[in-house]
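Each chain, letter by letter, is given below.
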Amino acid sequence: MKNLHLTLLLTIGSLGLFAQNQIVLNADLGKHTISKHIYGHFSEHLGRCIYDGIYVGQNNPKIPTVDGVRKDVIDALIKLKIPNLRWPGGCFADTYHWKDGIGPLANRPTIVNTWWGNVTENNSFGTHDFLNLCEKLGTEPYLSGNVGSGTVQELADWVQYTNFDGVSPMSKLRKENGREKPWKVRFWGLGNEAWGCGGNMKPEYYANIYRQYATFMTSTGNTRLYKIASGASDADYNWTEVLMRDIPHNMLDAVALHHYSVIDWNKKGPSTTFSEDQYFTTMQRAYQMEELVTRHSNIMDKYDPNKRVDLIVDEWGGWYDVEPGTNGAFLYQQNTMRDAVLAGMTLNIFQNHCDRVKMANLAQIVNVLQAVILTKEEKMILTPTYHVMEMYNVHQEATMLPLTIQTNQYKLDNRQLPALTCSASKNKEGVTHISLTNIHAREAQEITIDLRGAKYASVNGRILTAATLQDHNTFENPEKIKPTAYNGATLSGSQLKVKVPPFSVVVLALK
Ligand code: AHR
């Protein structure tokens with residue numbers, strides 16, 4: 001009789017008739033640090049990201065600024081604790097000549113931004129403006145060098161201009177332009193999407209170009225340059241293979257990867273009025289990140305088993321149709337709970353792969369694609385994505401705790417995806433944080449977490465949730481979605497029970 005019961009239970013279980021979410025957290029097996037740079041951002045001269053979103057010029061009559069940069073944006077980004085900011089592109093980077101953006105405003109040339117709507121670029125926001133902004137934000141700059149249409153000398157000069165403390169033509173020029181001390185920029189990208197807008201190169205050709213440019217970009221003083229190779233698009237594994245094979249590893253600190261969650265490049269769908277079917281497809285694309293970082297890392301392991309070269313995902317996020325009535329080339333989209341769970345799931349993936357993934361940059365920071373901030377004249381709102389990035393930032397520089405997860409599936413028609421993703425870490429103060437994202441559009445997830453290797457006395461948390469998946473903050477209702485206290489977790493001995501509502505993100509703190 002007992003055996004019959006067991007057989008029945010196993011059969012019901014294997015049919016998925018009673019589903020169960022089960023996590024085993026190994027609190028004493030942490031080895032790798034979650035680099036804070038996984039929480040990086042990206043700002044391009046594209047649409048209303050730099051001009052309007054960040055920089056509105058000195059003496060703006062309506063918007064309070066610091067050196068021409070919006071004060072509301074500065075304050076919001078300081079609170080977010082952004083560790084690095086990539087600039088000036090994107091595709092724009094391989095058309096950008098940095099000397100156009102230094103010196104007296106009146107002398108700066110006006111150019112055409114050929115990638116993004118052929119709009120006029122007057123170069124009023126340049127190297128000094130960007131690097132000074134990074135100092136105000138307490139963030140590290142990540143400069144994307146022009147390899148597609150610039151010269152080796154031009155990029156070598158930019159390094160000297162920003163970093164050299166001694167006497168040289170470039171440091172002299174910097175001083176003449178009002179900056180005595182160098183900024184000491186560590187992160188340098190050598191081109192962007194070299195397989196596409198950065199020059200339509202083949203990987204073998206780009207690997208040679210990389211070697212040439214990297215040779216003349218010299219570290220000065222105690223600023224050791226961290227050089228980043230323009231990486232693959234999505235599943236172009238051959239690109240990573242060739243770069244890892246053909247570039248000497250003493251010239252290479254990181255290989256990049258770009259992956260956008262886009263339904264169909266010809267029919268991306270609306271950012272707010274999407275269907276569950278479109279939502280599911282976005283989640284499928286986002287979940288592909290797990291496979292991408294695993295497989296690109298596997299290739300890197302083959303050439304670099306000691307993981308000296310990092311994988312950095314320096315463009316990621318959701319990409320939808322622009323808001324009706326806005327310029328198609330400006331990539332301005334709203335941001336809903338779909339974006340919140342996309343961010344939660346993706347950050348969980350990055351954190352669980354933190355032995356190789358050392359940096360990531362959400363595209364883009366203000367008013368473009370999956371932005372954390374949207375602006376409209378003097379108004380500014382924080383998006384659901386901002387709140388997830390803020391809730392998760394407790395993991396920065398903490399030790400990743402390995403876990404195993406058994407999760408219910410989120411099913412739609414004949415498609416299915418894991419409903420839950422999770423990542424965990426222990427910080428220097430000994431606090432364990434667990435982040436849970438439930439992407440299921442209709443069902444809450446009840447989860448049992450088996451806490452192994454540590455004893456905890458208390459749990460508290462925060463949640464980001466909403467009434468509908470399409471909910472979002474607007475300039476009229478800016479705080480419709482914001483994190484609230486979460487009381488849905490109960491701790492009993494080494495077991496934690498949690499209930500996460502549909503399309504919600506929860507971060508727990510255990511002490
Ligand atoms: O983020 C928008 C664009 O997407 C970037 O300029 C480019 O690198 C990518 O294709």
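Residues numbered from 1 in each chain as written. Predicted model: local features only at pLDDT ≥ 70, side-chain atom pairs only at ≥ 80, totals over all residues. Heavy atoms only, no water.

Chemist: Honestly, the site of the ligand in this entry has me stumped. Any pointers?
Modeler: Surveying the vicinity of the ligand reveals 13 residues, the closest of which are E44, C91, E193, Y260 and E315. E315 is positioned such that a nitrogen or oxygen atom in its side chain is 2.8 Å from an oxygen atom of the ligand. For the ligand, the protein covers 93% of the area, taking 280 Å² as the surface of the free molecule. (Near = heavy atom within 4 Å. Polar contact = N/O pair within 3.5 Å; in protein donor to acceptor, adjacent residues only side chain to side chain. Areas by Shrake-Rupley, 256 points an atom, 1.4 Å probe, with all protein chains shown as cover.)

Chemist: Honestly, the sheet that holds strand β17 (residues 403–406) in this entry has me stumped. Any pointers?
Modeler: The strands that make up a sheet are held in pairs by hydrogen bonds between backbone atoms, and each pair lies either parallel or antiparallel. Pairing is mixed in the open sheet, where 5 strands are placed in the order β17-β1-β22-β26-β25. Two strands lie at the open edges of the sheet, namely β17 and β25 (489–492), each paired on one side alone. Taking the axes of each pair of neighbouring strands and ignoring which way they run, one obtains an average angle of 15 degrees across the sheet. Relative to β17, strand β1 (residues 21–26) runs antiparallel, the two being bridged by 4 bridges. Across the sheet, the residue bridging to I23 is I405, located in β17. (Pairing = 2+ DSSP bridges. Helix = DSSP H or I, 4+ residues; strand = E, 2+ residues; numbered from the N terminus. Axes fitted to C-alpha atoms, helices over the stretch in contact; angles between N-to-C directions.)

Chemist: Honestly, the packing of aromatic side chains in this entry has me stumped. Any pointers?
Modeler: Remark: the centre distance and the inter-plane angle together describe each pair of aromatic rings, the angle taken between the planes. For the structure on display, the rule yields 20 aromatic pairs. Ring centres of W98 and Y161 lie 4.9 Å apart, and the angle between their planes is 50 degrees; on these two criteria the pair is classed as tilted. Taken together, the residues span a long stretch of sequence, with W98 in the loop between β5 (84–87) and β6 (111–113) and Y161 in helix α4 (residues 152–163) at a distance of 63 residues. Judged by its relative accessible area of 2%, W98 falls in the buried class. Since its relative accessible area comes to 0%, Y161 is described here as buried. Aromatic rings pair up to connect Y51, Y55, W87, F92, Y96, W98, F125, F130, W158, Y161 and W188 into one cluster. Just above the ring of Y320 sits the side chain of R338; from NZ or CZ to the centre is 3.7 Å. (Phe/Tyr/Trp six-rings, centres within 6.5 Å; stacked < 30°, edge-to-face > 60°. Buried < 20%, exposed > 50% of the residue type's maximum accessible area, 1.4 Å probe, protein only. Lys NZ or Arg CZ within 6 Å of the ring centre and 35° of its normal.)

Chemist: Is there a simple way to think about the pattern of salt bridges in this case?
Modeler: Pairing is possible between side chains that carry opposite charge, provided their charged atoms lie close to one another. Under the criterion given, the structure shown has 30 salt bridges. Two residues, R295 and E291, come together in a salt bridge whose shortest N-O distance is 3.9 Å. Highlighted residues: R295 and E291, both in helix α8 (residues 276–303), separated by 4 residues, approximately one helical turn. Residue R295 is classed as partly exposed on the basis of its relative accessible area, which comes to 42%. Judged by relative accessible area, which is 42%, E291 ranks as partly exposed. We note a salt bridge from K307 to D355, for which the minimum N-O separation is 3.6 Å. (Salt bridge = Lys/Arg side-chain N within 4 Å of Asp/Glu carboxyl O.)

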